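# Examining the three-dimensional arrangement
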There are 2 protein chains.
Amino acid sequence: MHVVDAGGFSFTPAPHAACSPVRSPAAAGRIQAPAPAERMASSGLQTKKRDNHNGHFVQPTNPNVATMQEDVLYHFHLSTSTHDLPAMFGDVKFVCVGGSPTRMEAFTKYMAKELGLDHPGAEYPNICVGTDRYVMFKVGPVLSVSHGIGIPSTSVMLHELIKLLYHARCSDVTVIRIGTSGGIGLEPGSVVITRQAVDASFKPVFEQMVLGKRVVHRTHLDERLAQELMQCGADLREFPTVLGNTMCTSDFYEGQGRLDGALCSYSEKDKQEYLEAAHAAGIRNIEMESSVLAAMCGACGLQVAVVCVTLLNRLEGDQVNSPHEVLVEYQERPQRLVGHFIKKRLAAAGNPRDL
Amino acid sequence: MHVVDAGGFSFTPAPHAACSPVRSPAAAGRIQAPAPAERMASSGLQTKKRDNHNGHFVQPTNPNVATMQEDVLYHFHLSTSTHDLPAMFGDVKFVCVGGSPTRMEAFTKYMAKELGLDHPGAEYPNICVGTDRYVMFKVGPVLSVSHGIGIPSTSVMLHELIKLLYHARCSDVTVIRIGTSGGIGLEPGSVVITRQAVDASFKPVFEQMVLGKRVVHRTHLDERLAQELMQCGADLREFPTVLGNTMCTSDFYEGQGRLDGALCSYSEKDKQEYLEAAHAAGIRNIEMESSVLAAMCGACGLQVAVVCVTLLNRLEGDQVNSPHEVLVEYQERPQRLVGHFIKKRLAAAGNPRDL
């Protein structure tokens with residue numbers, strides 16, 4: 001392996017990716033080099049020659065992936081030696097991810113109808129049926145994958161998803177999280193399209209521990225894609241849609257300033273000040289996955305966006321206690337917006353294979 | 001609310017808990033006070049008078065919980081106003097948790113047989129059937145709950161589990177994680193009972209962000225309980241059982257020094273040095289949930305232990321590629337060990353209600 005980088009996501013744009021203004025090298029996203037005492041981790045990118053295609057291929061930044069004899073995607077219960085990944089996934093152009101397995105299945109059925117691919121008796125089997133860690137469904141060019149709750153659960157899924165898309169030789173893939181969140185200063189049911197994914201200190205970074213050392217990456221979301229999604233909200237005119245920053249936390253209770261967890265080490269006044277400071281920093285919603293999605297997908301040549309509905313206004317309370325049917329309808333909103341976006345993109349391309 | 005603590009888990013032992021040597025006040029577990037510039041978070045504990053019982057009640061450290069008119073346990077789809085929690089859960093003495101929903105259901109069926117509570121046609125319905133975030137099953141005094149992958153997913157579950165046990169007026173509850181892990185220097189299939197849950201820097205701490213500030217808690221596992229579990233492994237003599245430190249990470253790939261993720265910013269030599277240093281620090285396995293379990297349960301008066309099987313030896317590789325049936329049998333080992341432990345405890349007590 002070659003020494004090209006110190007501790008961050010390393011990325012050498014492949015020739016086919018270099019022409020794209022929206023695929024920024026991940027190295028530029030690394031904003032804090034490890035301290036001198038920290039381990040200098042290193043890797044290079046041995047770009048594997050891919051098929052003749054002018055698109056932007058999904059490209060892991062880890063050079064080892066290209067040379068592995070077999071790659072077991074353990075948490076998907078898929079493997080390069082037991083599954084024909086190019087045949088199964090080669091036409092994927094959109095990957096929609098969300099926490100809840102049921103919601104991701106419902107989204108697949110919804111997309112099948114929207115794309116005219118549904119028919120009586122149609123079934124959409126869970127591709128990851130050999131495991132209960134994640135679910136995965138596919139209809140046409142749309143892959144739908146659950147990621148569970150939180151950054152670690154999402155990062156495991158993303159590592160294997162990115163490798164899957166690479167092994168399948170996918171190109172020009174857009175990843176969109178369709179999720180739920182707590183709003184700040186918004187009417188419940190509003191949909192937030194994320195401008196910047198920020199951490200609990202309101203900084204646009206994703207921090208992780210690598211070989212025992214703290215490494216900080218800049219989160220990167222695609223601005224043009226966010227604007228495209230905003231336009232879809234405006235087209236629909238079905239619910240309030242706003243562009244705002246999204247705070248990504250590692251806990252739902254103390255980590256989001258709730259007063260109703262099993263543990264709580266601050267006052268209501270402290271909480272209120274914190275949420276108001278978040279609002280002043282442009283944060284309009286809080287969830288638990290956006291930063292790692294932005295950091296990892298951005299590093300590997302994927303266009304990425306986050307579209308979350310707000311289930312409550314955190315300035316007015318902590319408990320999610322709207323009636324079940326109201327919450328169910330709220331959760332369909334990001335699906336409808338992203339469904340509209342996918343149809344527009346496909347219509348503009350004429351043929352999904354030309355996208 | 002009263003000002004009693006600065007930023008950490010706060011805990012004032014209730015009268016009935018003060019007599020127990022194994023319930024250490026959580027405040028003692030806080031090892032790093034916030035810097036002066038950090039927010040001074042505060043709370044006290046308004047101990048709610050519980051029923052006349054000499055046991056050690058489960059006690060959230062958050063005083064607000066005692067005064068809430070309704071408590072919606074959102075991710076369990078349970079609520080104090082719609083469910084009779086004392087009737088449903090009041091007799092729970094053992095809570096076994098694990099990442100995989102299927103495994104937790106299998107454990108319930110296994111325990112039903114072991115406790116002589118199984119009968120033809122018996123069903124063990126998922127108590128959290130209204131949501132797909134977690135599953136929960138109960139048989140006799142044993143509750144079985146899934147927590148998904150990673151610290152955030154586990155912390156959300158634990159906040160609601162601790163409140164559930166409190167609302168149900170449970171006492172003398174033992175929580176045991178029965179999970180999977182990567183081993184360090186152990187034969188695959190070995191079972192590790194955790195002495196200390198440590199972070200990626202090998203320190204016995206759990207770090208979290210609260211109102212945007214970093215707070216560090218000491219992880220606390222019950223030493224006598226770990227010894228009791230070791231004895232159960234010796235009783236069974238079915239597989240190697242070792243007492244060792246467990247490293248808890250926030251990622252499965254880069255976070256555990258794997259070379260086969262979509263991203264990898266270090267060399268094989270770096271990785272090997274890191275794992276060997278971990279081994280030298282007494283670490284025998286790596287997983288993704290133990291530290292938050294130790295910190296939160298320890299703070300709320302729960303005896304807690306971690307029992308994980310190792311699926312591979314990380315000094316020899318990264319991929320989990322043993323045959324499916326071998327992995328399935330490995331995953332049953334912590335269940336068998338903990339099943340034996342529960343039967344021993346119940347036999348020693350004569351009657352589960354006297355535990």
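Residues numbered from 1 in each chain as written. Chains lettered and ligands numbered in written order. Predicted model: local features only at pLDDT ≥ 70, side-chain atom pairs only at ≥ 80, totals over all residues. Heavy atoms only, no water.

Where an unreviewed UniProt entry is consulted, chain A appears under the name Uridine phosphorylase 1, with the organism given as Felis catus. Turning to chain A, the UniProt annotation filed under Sequence similarities (unreviewed entry) states: "Belongs to the PNP/UDP phosphorylase family." (UniProt positions renumbered as here; feature names shortened; annotations may be inferred.)

On a plain count of helices and strands, chain A comes out with eight helices and 13 strands. Out of the 355 residues belonging to chain A, those deemed buried represent 60%. Partitioning the intrachain contacts of chain A with sequence separation of at least 6 by distance along the chain shows that 76% fall at a separation of at least 24. Surface exposure of chain A reaches about 12900 Å², of which carbon and sulfur atoms provide 51%. (Helix = DSSP H or I, 4+ residues; strand = E, 2+ residues; numbered from the N terminus. Buried < 20%, exposed > 50% of the residue type's maximum accessible area, 1.4 Å probe, protein only. Contact = heavy atoms within 4.5 Å. Areas by Shrake-Rupley, 256 points an atom, 1.4 Å probe, with all protein chains shown as cover.)

All names here are of chain A. All told, the structure shown has eight aromatic pairs over all chains when counted by the stated rule. Between F76 and Y134, the aromatic rings sit 6.0 Å apart at their centres with planes inclined by 80°, giving edge-to-face as the arrangement. Residue F76 is found in the loop between β2 (72-73) and β3 (78-79), and its partner Y134 is found in the loop between α3 (101-114) and β5 (136-139); the two are separated by 58 residues along the sequence. Just as F76 is buried, Y134 falls in that class too. Residue placement shows R258 over the ring face of F252; its charged tip is 3.7 Å from the ring centre. (Phe/Tyr/Trp six-rings, centres within 6.5 Å; stacked < 30°, edge-to-face > 60°. Lys NZ or Arg CZ within 6 Å of the ring centre and 35° of its normal.)

All right, on to the interface of chain B and chain A then. If you look at the interface, chain B gives 83 residues, while chain A gives 84 residues. With both sides pooled, the region where chain B packs onto chain A buries about 6400 Å², and carbon together with sulfur makes up 54% of that total. Of all residues in chain B, B:I149, B:L211 and B:L263 bury the most surface against chain A, accounting for 11% of the area lost on that side. Between the two partners, chain B and chain A, sit two salt bridges. With a closest N to O distance of 3.2 Å, B:E207 and A:R214 form a salt bridge. Among the elements that make up the side of chain B that touches chain A, the one with the highest residue count is helix α4 (residues 151-167) of chain B (nine residues). Taken together, the residues of the side of chain B that touches chain A sort by class into 35 nonpolar, 31 polar and 17 charged. (Buried area = accessible area lost by both parts, 1.4 Å probe. Salt bridge = Lys/Arg side-chain N within 4 Å of Asp/Glu carboxyl O. Nonpolar A, V, L, I, M, F, W, Y, C, P; charged D, E, K, R; others polar.)

As a further point, take the environment of B:T219. All names here are of chain B. Tracing the backbone through its elements, the reader meets T219 in the loop between β10 (213-218) and α5 (223-236). Residue T219 is classed as buried on the basis of its relative accessible area, which comes to 10%. One polar contact links the side chain of T219 to the main-chain carbonyl oxygen of A197, over a distance of 2.8 Å. (Polar contact = N/O pair within 3.5 Å; in protein donor to acceptor, adjacent residues only side chain to side chain.)

Right, let's talk about the side chain of B:Q303 for a bit. All names here are of chain B. Along the polypeptide, Q303 turns up in strand β13 (residues 303-313). In this structure Q303 comes out as buried when scored by relative accessible area, which is 12%. Here R345 takes part through its side chain, which lies 3.2 Å from a polar atom of the side chain of Q303.

Further remarks concern the relation of the copies chain B and chain A. Mapping chain B onto chain A leaves a residual RMSD of 0.0 Å; the transformation is a rotation of 180° accompanied by 0.0 Å of translation along its axis. Such a turn and shift between the copies fits a two-fold axis. Here 100% of the contact residues of chain B are again contact residues in chain A; the copies associate through an equivalent surface. (Least-squares fit on C-alpha atoms with pLDDT ≥ 70 in both.)

It is worth spelling out the layout of surface pockets at this point. Roughly 1000 Å³ of volume is contained in the second largest pocket. What lines the second largest pocket is a set of 45 residues, among which A:L311, A:L327, A:Q331, B:Y74 and B:T131 lie closest to the centre. Mapped onto the lining of the second largest pocket, the elements with two or more residues apiece are α3, β7 (174-183), β12 (283-287), β13 (303-313) and α8 (324-349) of chain A together with β3 (78-79) of chain B. Broken down by element, the residue count for the lining of the second largest pocket peaks at seven residues, all from α8(A). For the lining of the second largest pocket, the class distribution of residues is 15 nonpolar, 20 polar and ten charged. (1 Å grid on protein atoms, 1.4 Å probe; cavity = no way out; pocket = protein on both sides within 12 Å on 5 of 7 lines; lining within 4 Å. Points joined across faces, edges and corners; volume = space filled by probe spheres on them.)

All right, on to the UniProt feature "domain: Nucleoside phosphorylase" (unreviewed entry) in chain A then. UniProt tags residues 93-343 of chain A as "domain: Nucleoside phosphorylase" (unreviewed entry). For residues 93-343 of chain A, the end-to-end C-alpha separation is 12 Å, with 35% helix and 27% strand making up the annotated structure.

Moving on, we come to α4(B). Residues three or four positions apart in an α-helix share a direction because the helix packs 3.6 residues into each turn. Residue and element names in this part refer to chain B. When the terminal C-alpha atoms of α4 are compared, their 24 Å separation across 17 residues agrees well with the 24 Å that a helix rising 1.5 Å per residue should span. Burial analysis of α4 places 17 of its 17 residues in the buried class, which makes it a mostly covered element. Looking one or two residues past α4, R169 carries a phi angle of roughly 60°, positive in sign. (Expected span 1.5 Å × (residues − 1).)

Turning to unusual backbone geometry, a few remarks are in order. Residue and element names in this part refer to chain B. At L211, a residue that is not glycine, the phi angle is positive and equals roughly 50°. Within the fold, L211 resides in the loop between β9 (205-210) and β10. Judged by its relative accessible area of 3%, L211 is buried. Backbone geometry at R237 places phi at a positive 55°, although glycine is not the residue there. Along the polypeptide, R237 turns up in the loop between α5 and β11 (241-248).

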